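# Fold and geometry: a report
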Amino acid sequence: MTTRARTKNGYEHLAPLFHELAALPQDDPRRTVLRDELVTGHLPVAEHIARRFAHRGESGEDLVQVATVGLINAVDRFDPTRGTDFLSFAVPTVMGEIRRYFRDSSWSVRVPRRLKELHLSITAAGNELSQQLGRAPTPSEIATRLGLSKDEVYEGLEAGNAYHSVSLDDMLTQDSDNTSLGEMLGEPDSALEGVENHESLLPLVRELPERERTILLLRFFGNLTQTQIAEKIGISQMHVSRLLARTLQKLRDGLLEEQ
Amino acid sequence: MTKPEQPDPSGDEIEVRIAADAAQLPMLRAITSAVAMRQDYDLDSIADLKMAVDEACSMLVLRAITGSLLTVRFTPKSEIRVVATVLSDSDDWPDTGAFSWHVLSTLTDSLEAGVSQGAADPGGHVLWIELTKRNALGDE
């Protein structure tokens, strides 16, 4: 039986490594070795914290990964000369990482991993099929493509409703906000003429973020389908659908406030 | 107009009665989506119908008597027909100049709305809207 100095928390034996690491010059190859050893040695801490959050519906595996990222950050940022011990520094850092993960994660309702993956593969298949067919596919076409039952496709499509407004595809396509959509798509402002018949609407439409406004105008004044808009803008049809539904809601609320 | 009172004898009809409250609209969206998916509509048409029902019911809920019910009937046949009704104090319906109406007519294949007299008790006006959506694939 190995006798480790498990005096207080079981990680005391790792403490000297931090001092050793701090003393090494930045380019010393031994730094990597020590860093690995510190991260590996403290992994049970990350796993323990991850387990405490596991009931929230995220897969345990994901959470351990997130917690490990937090742990690595903690190892990198820890300053042993400050006199605090590593654990009291690491625990809040790891918890912070997990909290951020929950906050940023794109699903407003905890959706099981299987459903998320299902939704993502349906989105991907949907994009492919619309390219090939030149129109939006049906659930049964998606089911055939993916070798799934129709019920599974229904389920996966519905899972998309749990997407948060800060969704994964929002993040993936954020760059499109930098390039002017106006330039990209020609003159969407000419479509604003259609809106001018609805006087009270105009200021609300002008306030919309550019992408939302473009989608609204293309759908309701340019008469493009969601799939056609998706292709123009470079996002999925389901993403267009979510943005459009949200925009209509925003306009309804805005018009209501005015009355 | 007697439109709201025509039950369809076919077995596919679904009628939902729900509080005439905007908070209930997500439930209707989910049902609409389920109906259209099971008719194997293409994703564009499913999304359009969902938005249309949302928009139509939002318009009705705004005008409904507080505490009353919103009734929505889905008849999926060669096309999906949706008839929604509420009880209102006012018979000022529909406002076809409104943006909502424009949105609805863009999203649907047919759109009609009107007012019928409510029952003597509790009185009021029955506002109805009827829309249909065809599967885009049927046009090919």
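Since the structure is predicted, the reported quantities are computational estimates derived from the model, not experimental observations. All chains use their own residue numbering, which begins from 1 and follows the written sequence. Throughout, the order in which chains and ligands are written sets their labels, letters from A for the former and numbers from 1 for the latter. The predicted origin of the model limits local features to residues at a pLDDT of at least 70 and limits the giving and counting of side-chain atom pairs to 80 or more, whereas totals for whole chains, interfaces and linings rest on all residues. As a rule here, side-chain values cover all heavy atoms of the structure and leave hydrogens and water aside.

## Notes on the overall build of chain A
Heads up, the rule is: Secondary structure counts use DSSP, requiring at least four H or I residues in a row for a helix and at least two E residues in a row for a strand, with both numbered from the N terminus. Accessible areas in this description were obtained via Shrake-Rupley with a 1.4 Å probe; residue shielding takes into account the shown protein chains only.
Along chain A, the regular secondary structure elements total 14 helices and zero strands. From first element to last, N terminus to C terminus, chain A shows the α and β order α-α-α-α-α-α-α-α-α-α-α-α-α-α. As presented, chain A carries roughly 14000 Å² of accessible surface, and 51% of it is formed by carbon and sulfur atoms.

## Describing the sheet that holds strand β2 (residues 69-76) of chain B
All names here are of chain B. Under the convention used in this document: Whether two strands pair comes down to DSSP finding at least two bridges between them. In this description, a line fitted to the C-alpha atoms serves as the axis of each element, helices being fitted only across the stretch in contact, and the angle between N-to-C directions of two axes falls anywhere from 0 to 180 degrees. Contacts between residues were defined by any pair of non-hydrogen atoms, one from each residue, lying within 4.5 Å.
In spatial order, the strands read β1-β2-β3-β5-β4; together these five strands make up an open sheet with antiparallel pairing. With partners counted over all chains shown, the strands left at the sheet margins are β1 (14-19) and β4 (110-117), one partner each. Across this sheet, the average inter-strand angle for adjacent strands is 15 degrees, counted without regard to direction. For β1 and β2, the ladder comprises six bridges, and the chain directions are antiparallel. When the sheet's bridge partners are listed, Arg17 is paired in β2 with Thr71. Sheet strands in contact with helix α3 (residues 99-107) are β4 and β5 (125-134), and its direction is about 130 degrees off that of β4.

## Description of the interface of chain B and chain A
Defined as follows: Two parts placed together each lose some accessible area; with a 1.4 Å probe, that loss summed over both constitutes the buried area. Salt bridge criterion: a side-chain nitrogen from Lys or Arg within 4 Å of a carboxyl oxygen from Asp or Glu.
Between chain B and chain A, the residue contacts involve 27 residues of the former and 31 residues of the latter. In this assembly, chain B packs against chain A so that about 2500 Å² is buried in total across both faces, 60% of it on carbon and sulfur atoms. In this structure, the connection of chain B to chain A is made through four salt bridges. Notably, a salt bridge pairs B:Glu55 with A:Arg252, separated by 2.6 Å at the nearest N-O pair.

## What about the pattern of salt bridges?
Quick note on the threshold: Remark: exposure states derive from per-residue accessible area (1.4 Å probe, protein chains only) relative to the maximum for the residue type, with buried under 20%, exposed over 50%, and partly exposed in between.
Under the criterion given, the structure shown has 16 salt bridges over all chains. Of the charged contacts in the structure, one is a salt bridge between A:Arg30 and A:Glu20, with a shortest N-O distance of 2.7 Å. Taken together, the residues A:Arg30 in helix α2 (residues 30-53) and A:Glu20 in helix α1 (residues 15-23) connect sequence positions 10 residues apart. Looking at A:Arg30, the relative accessible area reads 36%, which means it is partly exposed. Residues B:Glu15 and B:Arg73 are paired through a salt bridge, measuring 3.8 Å at the closest nitrogen-oxygen approach. Taken together, the positions of B:Glu15 in strand β1 and B:Arg73 in strand β2 put the pair 58 residues apart, joining distant regions of the chain. According to the relative accessible area criterion, B:Glu15 is partly exposed, its value standing at 43%.

## Looking at the pairing of β5(B)
All names here are of chain B. Of all 10 residues that make up β5, nine are buried, and the element is covered over most of its length. In the sheet, strand β3 (residues 79-88) pairs with β5 via 10 bridges, with the strands oriented antiparallel. Within β5, the residue paired with Val86 across the bridge is Leu127.

## Some words on the packing of aromatic side chains
Residue and element names in this part refer to chain A. The test is simple: In summary, the pairing rule links any two rings of Phe, Tyr or Trp, Trp by its six-membered ring, whose centres are within 6.5 Å, and it sorts them by plane angle into stacked for under 30 degrees, edge-to-face for over 60 and tilted for everything else. Either the NZ atom of lysine or the CZ atom of arginine qualifies as a charge over a ring when it sits within 6 Å of the ring centre and within 35 degrees of the ring normal.
Within the structure shown, the criterion is met by six aromatic pairs over all chains. Both rings, one in Phe18 and one in Phe86, keep their centres 4.6 Å apart while their planes meet at 35 degrees; by these two values the pair is tilted. Taken as a pair, Phe18 in helix α1 and Phe86 in helix α4 (residues 86-104) lie far apart in primary sequence, 68 residues in all. Its relative accessible area of 4% is what places Phe18 among the buried residues. By relative accessible area, Phe86 is classed as buried at 7%. When the centroid spacing of 5.2 Å and the interplanar angle of 75 degrees are considered together, the rings of Phe78 and Phe86 count as edge-to-face. One aromatic cluster in this structure is built from Phe18, Phe78, Phe86 and Phe89. Here Arg219 stacks its cationic end above the ring of Phe220, 5.9 Å away from the centre of that ring.

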